[in-house]
Amino acid sequence: MTAPMAGGPSDRPAVRTAPRRPDESMTLLREVTERPLDPGYAEMARRRAEAGEASGPLGGRRVSSVVTMLLVAIVLGAVTAVAVRDLRAPQPTVTKGRSVLIEQIQDRSAQVEALSARAAALDAQVDGLQSGGLLPSALQEVNELDRLVSGAVPVEGPGMVVSLTDGSGGGLVEPGDAPAESRVRDADVQFVVNELWAAGAEAVAVNDERLTSLSAIRNAGDAILVDLQPLNGPTYRIEAIGDPEDMQVEFARSAGLGFLQLLSAEYDIKNDVSTSDGMYLPGAGSPTLRFARVPSGTEPDASTTPSATPSATAGSSAGTESAGTEQDRSEEGNG
C-alpha cells in the first residue's frame, strides 16, 4: 500500500468564502443609510473641528444673521412707537377747534342761564301784578285755580310715588349698561302717568318735571324726554299729589299694578310703589299765550285796540296751529 503523495489534492487548505449579505443587491440604499454624509463633507467637518471653528447654530454667519435680525426688529419697533405717538398726539388744528367749540358752548350756556333768570324774574313780576289786588276777588280766585290746575305754580301735599329703574337683563351688569329691552321706555312712563291720573292724581311730575295738559313724553334714542327736557336715569320717579289711600286703591284696581308686575317679570325692570305725606312738585311756568280774543258783549277801549289787535292777530295766525299741535302731542303722549 503506498502513501499518498505530498502536495496532493487532499493536502490543499480549504478556501473560506464570506457569506453573502441579504441586501447585496441594494448597494445604493446601503450607501445612503450607512454613510449619509458624503466623505468630502465629513472630511471638511473633521478639519474644521480640528481647527477649533464653531459649527453650532449660532456660529459664523448664523450669528451675524441673528444679530442683523435683532437690529432690524429694534429699528422697526422704534419707528412704530414713534408713528403711534404722532397719531395719538392731538393735532394743533384739532385742539384749536375743540377749544373754540368749548368756548361757544360755555357762552351759549351762560346766555341760556341769563335768559332763564330773566324769564323767572318776569314771571315773578307777572305773579305780583296778578296778586296785587288789581283784579276783582272772584276773578283772582278763578285765576289762581286755573294756574294751579294748569301746573303753572308749585304745589305740595301728600300723594303717591312710583319708581321705575332700568333692569340688568338678568345679568350682572350695571343699570346703565343694561340691554335695550331691559331699559325703561317712554311708553312705560306714559302708561304709569295715565294710570295715576285715572286714580285721582291732582298734579304729576316725572323727575321734578311738572306735567300739564300740553306735556308730551317722548324718547330721543335711549333718553326719555318730558317737554323736550331729558330725564336722568336709570331711575325715573313719578310723583302724584292726591289722596294717598284712594289713589292706592284705584291704582291697584286698574291695569297699572299688573303692568308693573309684567315689567318686573319679563324685562327685569325694578319698580317701587309707596306713599308720601308731604311732596313738593315744582311749577311748569306760565303757559305761552298763542291766541286771544275779546269776550263777547264787551267793547275794548279805543286807545288799546291798535296795540292789542296786531298781537292777537299774529298769535292767531301762527299760534293756533302750534297750540293744536301741542294738544295733539299731549293727547298722543298721555292717552
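Structure report, in brief. Throughout this document, residue positions are counted from 1 along each chain, in the order its sequence is written. Confidence filtering applies because this is a predicted model: local features only for residues at pLDDT of at least 70, side-chain atom pairs given and counted only at 80 or more, and all residues used for totals across whole chains, interfaces and linings. With hydrogens and water excluded, all non-hydrogen atoms of the structure serve as input to the side-chain values.

## Thoughts on the pattern of salt bridges
For step 1, the next point in the chain: Salt bridges are defined by distance alone: a side-chain nitrogen of Lys or Arg within 4 Å of a carboxyl oxygen of Asp or Glu. Here the structure, examined in full by the defined rule, presents four salt bridges.
For step 2, the next point in the chain: Between E43 and R47 there is a salt bridge; the shortest N-O distance is 3.4 Å. Remark: R47 and E43 occur in helix α2 (residues 39–50); sequence separation between them is four residues, near one turn of the helix.
For step 3, the next point in the chain: The partner of D222 in a salt bridge is R183, and the shortest N-O contact between them spans 2.9 Å. Residue D222 is located in the loop between β4 (217–220) and β5 (223–226), and its partner R183 is located in the loop between β1 (155–165) and α6 (186–198); the two are separated by 39 residues in the primary sequence.
For step 4, the next point in the chain: Categorising residues by exposure relies on relative accessible area from a 1.4 Å probe, with only protein chains included: less than 20% of the type maximum marks a residue as buried, more than 50% marks it as exposed, and the intermediate range marks it as partly exposed. Relative accessible area serves as the criterion here: at 22%, R183 is assigned to the partly exposed category. The way it works is that DSSP assigns letters per residue, a run of H or I at least four long becomes a helix, a run of E at least two long becomes a strand, and they are numbered from the N terminus.

## Thoughts on a negative patch on the surface
For step 1, the next point in the chain: The patches described consist of residues with a relative accessible area above 30% and no salt bridge, like charges being joined within 9 Å and nonpolar side chains (Val, Leu, Ile, Met, Phe, Trp, Tyr) within 5 Å. Accessible surface is estimated by sampling points in the Shrake-Rupley manner with a 1.4 Å probe; for residues, cover comes only from the protein chains shown. Under the convention used here, Asp and Glu are negative, Lys and Arg are positive, and both His and the chain ends fall outside the count. By convention, the point assigned to a charge is CZ for Arg, NZ for Lys, CD for Glu and CG for Asp. Side chains of E202, D243, E245 and D246 sit close together on the surface and give a patch of like negative charge.
For step 2, the next point in the chain: The exposed category is assigned to E202, whose relative accessible area is 60%.

## A few points about the packing of aromatic side chains
For step 1, the next point in the chain: A pair of Phe, Tyr and Trp rings is counted when the ring centres sit within 6.5 Å of each other, with Trp represented by its six-membered ring. The angle between the planes then sorts it: under 30 degrees is stacked, over 60 is edge-to-face, the rest tilted. Taken as a whole and judged by the stated rule, the model has one aromatic pair.
For step 2, the next point in the chain: Here the aromatic rings of F191 and F259 are separated by 4.3 Å at their centres, their planes lie at 35 degrees, and the arrangement is tilted. Residue F191 is found in helix α6, and its partner F259 is found in helix α8 (residues 256–267); the two are separated by 68 residues along the sequence.

## Notes on the environment of E195
For step 1, the next point in the chain: Summarising the element assignment, E195 is placed in helix α6.
For step 2, the next point in the chain: Using a relative accessible area of 16% as the deciding quantity, one classes E195 as buried.
For step 3, the next point in the chain: As a C-alpha pair, E195 and A255 span 60 residues in sequence and 7.6 Å in three-dimensional space.
For step 4, the next point in the chain: With sequence-adjacent residues up to four places away left out, E195 is seen in contact with F251, S254, A255 and G256. Whether two residues are in contact is decided by their heavy atoms, any of which lying within 4.5 Å being enough.

## Structural notes on the packing of α6 against α8
For step 1, the next point in the chain: Close contact between α6 and α8 brings their axes to 10 Å; oriented N to C, the two are set at 155 degrees. With respect to their mutual orientation, α6 and α8 come out roughly antiparallel. Taken as a pair, α6 and α8 cross one another with a handedness that is left-handed. Side by side, α6 and α8 meet where D188, F191, V192 and E195 of the first sit next to G256, F259, L260 and L263 of the second. Lines are fitted to the C-alpha atoms to define the axes, a helix being fitted only along its stretch in contact, and any angle between axes, read from their N-to-C directions, falls within 0 to 180 degrees. Should an angle fall under 35 degrees it is called roughly parallel, over 145 degrees roughly antiparallel, and 65 to 115 degrees roughly perpendicular, with every other angle called oblique. Here is the rule for handedness: rotate from the far helix to the near one, and if that takes an anticlockwise turn smaller than a right angle the crossing is left-handed, while a clockwise turn gives right-handed.

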